[in-house]
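Chains, contacts and geometry: an overview
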Amino acid sequence: MTTTTNCTACAANLSLYTFQNNGYCVSDCPSGTLSINYVCTNCTYPCLTCLATITNCTSCITGYLLYGIASQCLTSSPVCTYTSSSLCLSCTAPCSSCV
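Our subject in this report is the structure included herewith. Predicted model, so just to flag it, every value in this text is computed and none were measured.

**Observations regarding the state of the cysteines**
- Across all of its chains, the model carries 6 disulfides by this definition.
- The partner cysteine of cysteine 29 in its disulfide is cysteine 40, sulfur to sulfur 2.1 Å. Between cysteine 29 and cysteine 40 the sulfur-sulfur dihedral comes to about -85 degrees; the bridge is accordingly left-handed. On the criterion of sequence distance, the pair formed by cysteine 29 in the loop between strand S2 (22–26) and strand S3 (33–36) and cysteine 40 in strand S4 (residues 39–42) is long-range, its members being 11 residues apart.
- Assessed through its relative accessible area of 12%, cysteine 40 is described here as buried.
- Numbered by position along the chain, the disulfide-linked cysteines of the chain connect as 1-2, 3-4, 5-7, 6-8, 9-10, 11-12.
- There is no disulfide at cysteine 7, and the cysteine sulfur nearest it, in cysteine 25, is 3.8 Å away.
- The cysteine cysteine 95 is free of any disulfide, with cysteine 98 supplying the nearest cysteine sulfur at 5.9 Å.
- Note on cysteine 95: relative accessible area 41%, which makes it partly exposed.

Right under this line is the structure:
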C-alpha cells in the first residue's frame, strides 16, 4: 500500500482503497476486497474472500461453510453434500446423503 492518503482517484492500473476515511492507491486490493472499475470493493457478506465478482466466495467468515460448486457461504451443507473442514463437499453418486 502506498503512503499517500486522501486520494479520490488513482493513476492507471492502480485501484482506490478506502480505509479509516483515507484513500490509498494500491496495485492489489487487500484480502476481502476486489477491484471493480479500479475501486477496491468489499466481498459480499458472509464471504471472507472472493474472486472475479464480489459474490463469488473463495472463503467464508467464521460460522459459515463454503459450498464451492456455487461459490456461496452457507450456514449448513445442502442435500447431497457433507461438511468437512468448513467446506460442503458433494456426496459420491448415487448417494443422496453421506458423512
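**Topic: the packing of aromatic side chains**
- In this structure the tally under the stated criterion is 2 aromatic pairs.
- Measuring from ring centre to ring centre gives 6.1 Å for tyrosine 17 and phenylalanine 19, while their planes differ by 15 degrees; the resulting arrangement is stacked.
- What makes tyrosine 17 buried here is its relative accessible area of 13%.
- When the ring of tyrosine 45 is compared with that of tyrosine 64, the centres are 6.1 Å apart and the planes differ by 80 degrees; the resulting orientation is edge-to-face. One end of the pair, tyrosine 45, is in the loop between S4 and strand S5 (47–50); the other, tyrosine 64, is in the loop between strand S6 (57–60) and strand S7 (65–67), and 19 residues separate them in sequence.
- The exposed category is assigned to tyrosine 45, whose relative accessible area is 62%.
- With a relative accessible area of 22%, tyrosine 64 lands in the partly exposed category.

**Considering the pairing of S6**
- Pairing between S5 and S6: 3 bridges, direction antiparallel. Within S6, the residue paired with threonine 49 across the bridge is serine 59.
- Turn length for the S5-S6 hairpin, with the two strands adjacent in sequence and antiparallel, is 6 residues, and the turn residue alanine 52 shows positive phi of about 75 degrees.

Parameters at a glance
- Residues numbered from 1 in each chain as written.
- Predicted model: local features only at pLDDT ≥ 70, side-chain atom pairs only at ≥ 80, totals over all residues.
- Heavy atoms only, no water.
- Disulfide = S-S within 2.5 Å.
- Helix = DSSP H or I, 4+ residues; strand = E, 2+ residues; numbered from the N terminus.
- Buried < 20%, exposed > 50% of the residue type's maximum accessible area, 1.4 Å probe, protein only.
- Phe/Tyr/Trp six-rings, centres within 6.5 Å; stacked < 30°, edge-to-face > 60°.
- Pairing = 2+ DSSP bridges.

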